[in-house]
Amino acid sequence: MTEQDRVTVNDARGPVNNGEGHQYVFYGVGADWMVRKGVESLRIAREDRLRLADRFVPPRDFRIAADRLKKPGSVVLLAAPPGSGRRAAAIMLLHGLGEDGGADEEGVRFEEFPATDKDESPLAPGEGDRFLLDLSGLVDEEAYANAQRRLAVRRSQVQEAGAHMVVVLPSGLEHAHPPELEPHTVTLGRPRGLAVVTRYLRMDRMSFRPADLGSPDLQRLYDRSPMRELARLAGLVRAARDSGRFGADFAGWLDQAMHAVTDRADEVGHQVTTVTTAPERALLLATAVFEETHADTVYEAWHGLLKTVRHQEEPTTELERTGFGDRLAALGIERAPDGRLRFERLAYADAVRTYFWANFPGVRDDLRDWIGHAAELRGLTTDDRVNIVVRFGERALAVGRPDHLFDLVVRWADLATGAAHDPRAVAALQLGLSHERFGGWFRKRIYDCATSGPVSEGLVRVLTAACLQSLGATHPDQAMVRLHHLAVRKGEAAREAREVLLGLAGRDRRLYRLLIDRVRDRMRRNPHKAEPHLRLLTELLTSERAPDPPPWPDLFLGWETVFSQPPTGLWNPLVSSWLGTVAGDSSRELALEVLVGATHGRTPALHRLYAIACDWSGSARHPSRAAVAALFWQHIDHAQYARSESTERSGAGPRTTEEAR
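Report follows, based on the coordinates. It should be emphasised that the depicted structure is a prediction, and the values quoted were computed from it without experimental measurement.

### Here we look at the overall build of the protein
At step 1: Helix and strand counts for the protein stand at 29 helices and nine strands.
At step 2: Buried residues in the protein amount to 51% of all 661 residues.
At step 3: For the protein, the share of sequence-separated contacts (at least 6 apart) that also reach a separation of at least 24 residues comes to 72%.
At step 4: For the protein, the exposed surface amounts to about 29,700 Å²; the carbon and sulfur share of it is 50%.

### Focus: the packing of aromatic side chains
At step 1: Scanning the entire structure with this criterion turns up 19 aromatic pairs.
At step 2: Seen in terms of ring centroids, Tyr-299 and Phe-324 are 5.1 Å apart; in terms of plane orientation they differ by 85°. Their pairing is edge-to-face. Of the two residues, Tyr-299 sits in helix α11 (residues 295–308) while Phe-324 sits in helix α12 (residues 324–330), which places them 25 residues apart along the sequence.
At step 3: A relative accessible area of 18% means that Phe-324 is categorised as buried.
At step 4: Relative to Trp-578, the ring of Trp-559 lies with its centre 5.4 Å away and its plane at 80°, an arrangement referred to as edge-to-face. Here Trp-578 lies in helix α25 (residues 571–584) and Trp-559 lies in helix α24 (residues 552–563), a separation of 19 residues in the sequence.

### Things to note about the nonpolar core
At step 1: Counting 126 residues, the largest nonpolar core has Phe-290, Trp-370, Leu-429, Trp-559, Phe-563 and Phe-632 as its most contacted members.
At step 2: In this view, Leu-429 contacts Phe-406, Val-409, Phe-442, Ile-446, Val-462, Leu-463 and Ala-466; residues no more than four positions away in its chain are not counted.
At step 3: Among the nonpolar cores identified, the runner-up in size contains 30 residues, and Phe-208, Ala-231, Leu-236 and Leu-254 belong to it.

### Considerations on the environment of Arg-602
At step 1: Along the chain, Arg-602 turns up in the loop between α26 (590–597) and α27 (603–618).
At step 2: By relative accessible area, which is 27% here, Arg-602 ends up partly exposed.
At step 3: Sequence separation of Arg-602 and Ala-639 is 37 residues, and the distance between their C-alpha atoms is 8.8 Å.

### A look at the packing of helix α21 (residues 492–506) against helix α22 (residues 509–525)
For any two helices packed against each other, the geometry comes down to the angle between their axes and how far apart the axes lie.
At step 1: α22 packs onto α21 with a crossing angle of 125° between their chain directions and a minimal axis gap of 6 Å. If you check the angle between α21 and α22, you find them oblique. In contact with Leu-501, Leu-504, Ala-505 and Gly-506 of α21, α22 contributes Leu-511, Tyr-512 and Leu-515.
At step 2: Taken together, the residues that form the contact of α21 with α22 break down as six nonpolar, one polar and no charged.

### Concerning the sheet that holds strand β5 (residues 130–134)
At step 1: Taken together, five strands build an open sheet; the order of strands is β4-β5-β6-β3-β7 and the sheet is parallel. Each edge of the open sheet is held by one strand with a lone partner, namely β4 (110–113) and β7 (185–187). Direction aside, the axes of adjacent strands within the sheet are offset by 25° on average.
At step 2: In terms of strand pairing, strand β3 (residues 74–79) meets β7 through three bridges, oriented parallel. The residue bridging Ala-79 from the neighbouring strand is Thr-187, located in β7.

### As for the pattern of salt bridges
At step 1: Considering all chains together, one arrives at 43 salt bridges under this definition.
At step 2: Here Arg-495 ties to Glu-492 by a salt bridge, and the two come within 2.7 Å at their closest N and O atoms. Placement of the pair is Arg-495 and Glu-492 together in helix α21, with a separation of three residues, close to one helical turn.
At step 3: Arg-495 gets classed as partly exposed once you look at its relative accessible area, which sits at 37%.
At step 4: For Glu-492, a relative accessible area of 39% gives the class partly exposed.
At step 5: One salt-bridge network, held together by shared partners, links Arg-109, Glu-111, Asp-129, Asp-477 and Arg-510.

### What to know about the side chain of His-475
At step 1: Structurally, His-475 can be placed in the loop between α19 (457–474) and α20 (476–487).
At step 2: Since its relative accessible area comes to 4%, His-475 is described here as buried.
At step 3: At 2.8 Å, the side chain of His-475 forms a polar contact with the side chain of Thr-474.
At step 4: If we skip the residues at most four places from it in the chain, His-475 touches Glu-112 and Arg-443.

### Comments concerning the side chain of Arg-109
At step 1: Topologically, Arg-109 is positioned in the loop between α3 (86–95) and β4.
At step 2: The class of Arg-109 is buried, set by a relative accessible area of 7%.

### Side note on the pairing of strand β6 (residues 164–168)
At step 1: Taking burial as the measure, the five residues of β6 include five buried ones, the bulk of the element.
At step 2: Burial along β6 is two-sided: His-164, Val-166 and Val-168 facing one way and Met-165 and Val-167 facing the other are all buried.
At step 3: Note: β3 against β6, five bridges, orientation parallel. Note on β6: the bridge partner recorded for Val-75 is Met-165.
At step 4: Across five bridges, the pairing between β5 and β6 is parallel. Counted as the bridge partner of Arg-130 is His-164 from β6.
At step 5: For the segment spanning β5, helix α4 (residues 141–161) and β6, crossover handedness is right-handed.

### A short note on helix α2 (residues 62–69)
At step 1: Every buried residue of α2 is accounted for by Phe-62, Ala-65, Ala-66 and Leu-69. For α2, the arc enclosing every buried residue in end-on projection is 100°, short of the 170-degree limit, so these residues lie on one face.

### Some thoughts on unusual backbone geometry
At step 1: The linkage connecting Asp-548 with the following residue, Pro-549, adopts the cis geometry, with an omega of 0°.
At step 2: Note on placement: Pro-549 falls in the loop between α23 (531–540) and α24.
At step 3: Non-glycine residue Arg-205 carries a positive phi angle of around 60°.
At step 4: Its identity is not glycine, yet Glu-292 carries a phi of approximately 75°, on the positive side.
At step 5: In this structure, Glu-292 sits in the loop between α10 (278–290) and α11.
At step 6: Given a relative accessible area of 29%, Glu-292 falls into the partly exposed group.

Calculation notes
Residues numbered from 1 in each chain as written. Predicted model: local features only at pLDDT ≥ 70, side-chain atom pairs only at ≥ 80, totals over all residues. Heavy atoms only, no water. Helix = DSSP H or I, 4+ residues; strand = E, 2+ residues; numbered from the N terminus. Buried < 20%, exposed > 50% of the residue type's maximum accessible area, 1.4 Å probe, protein only. Contact = heavy atoms within 4.5 Å. Areas by Shrake-Rupley, 256 points an atom, 1.4 Å probe, with all protein chains shown as cover. Phe/Tyr/Trp six-rings, centres within 6.5 Å; stacked < 30°, edge-to-face > 60°. Core = buried A, V, L, I, M, F, W, Y, C linked by side-chain atoms within 4.5 Å. Axes fitted to C-alpha atoms, helices over the stretch in contact; angles between N-to-C directions. Parallel < 35°, antiparallel > 145°, perpendicular 65-115°, else oblique. Nonpolar A, V, L, I, M, F, W, Y, C, P; charged D, E, K, R; others polar. Pairing = 2+ DSSP bridges. Salt bridge = Lys/Arg side-chain N within 4 Å of Asp/Glu carboxyl O. Polar contact = N/O pair within 3.5 Å; in protein donor to acceptor, adjacent residues only side chain to side chain. Right-handed = clockwise from strand over helix to strand, strands pointing away. Arc of directions from axis to C-beta.

Bear in mind that shape data such as this cannot, by itself, settle questions of function.
Quick look at the structure:
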């Protein structure tokens, strides 16, 4: 092999999967943050777009769409066949407009609209904001007609604001496409399959010759397979290499990967038809779900499955039956030196799980109940449990049973003890939220739970974690709505939700403004239940929670609402926080004037501000405190004097702050 023939890459963004199978990446402490790689996700956070950009191959006419999208206020509609990578193309079109603000800075928005579920927050786009609307999952004319009505409103808002939007159109409904949108529609072709596979292999640091990818069998895959399947093929080549079980050359790894994507379904079908007893089939499935866990754990899970499906044990002692090791060998399952079980063939476990969920629909409820118990087995690590949850969740979603996955979320969350959320429940919920077809279903279920009657502390914690880790990146407005409902509940978990909500709003000036407006609106709508909202608003308006630089108009509106309520102890930490901020930073002196102005000169409110300043300045003898308090009193006196003059003109006698002292 010459240097020219060898294709290598020395710098790949993103984590590398160092073992066979799917990849799970955890951030934070323990298993708090789970990012599923290998499942098409709604997540369009910046780090994921960067990873996609490294692997993206532009389809035909991509440049035409990109040129049209550059103009402020532009809306581009994409028509493309299923499997052509149309969603990825839409994301890359928006990503190509330039950098956006990171998590800790204000920048343009990059968000996705839900295709069918109702928006709970106003759009209010800003100049340069970028939006994705993926309608590719719609299959009937009625749903498409409803989506078109929402699209017309959003399109108008985007155009007026100078934002940008890309819409992925559904296939098979071309006859229902509005003629007036035809000039804004770009039909994309299919990317070159060879280029897609090559790109993915390069990013996985694979070394190969171009001739290695030129077989007729591969060409058929290039021409017919969906882009996600081509990406999976490249991932399986990497998995074969990293496992160390399938030789040491690219040709061998590619051969294993080709068998995995073309032959596994038939191989599993043949094996299941020859394996006719319930114990053998149950062991096959238990190993597929618990692959790479210890043999003793698989043994327990196997017997748990037999019990769940109500299989009657043989009327003999175990010593009279076939040994566990012999059963494993007969099914093509090997035991590694460390005692963990795995199938001899690459990606065979995936094919087994797919086969059982597709061909035994009558036991799906039993499989849900089995996973609910088996994921609690003592021999499992946290990573093992999350792997099992995701494997189950993939199959449940593939057969259209998101309720099975959410049932387990509730079960595990309700059983949680202590202050930590259950990592299995969080992983299951994040998988559901990231699913292209059922993400909206899970967002609605979270909303229903957050707005319903009593729920367990454990479930509040899981919903909070999902809002922070998933929705906060993909649908921040919806995350804020759900966290608001959770935060005004009672209990320690609600306090934690409040802390997450305040942190989310404090990092984004737009969300901060929306939350102030939302809380004020809830207080106006239901004044008899305003107390928890008032507490939340008061904490939100402290100097520690406000964005930098402070959004004075938004703070004024919030303080105005707080000061319109009967004076309470809630005022003290709010006002004191800003007095302290001004004492440490004279550039924040405007806070004093805005605080006083938010009272609209109401005498009781001004008296209360004066008393708070007195207590604050007297609590620590320091010249800066005395100076800030004196300046604050001047603003109070000025507001009181202006009020007195107005009162005199109306015939009432004056009353000054000095008299109140």
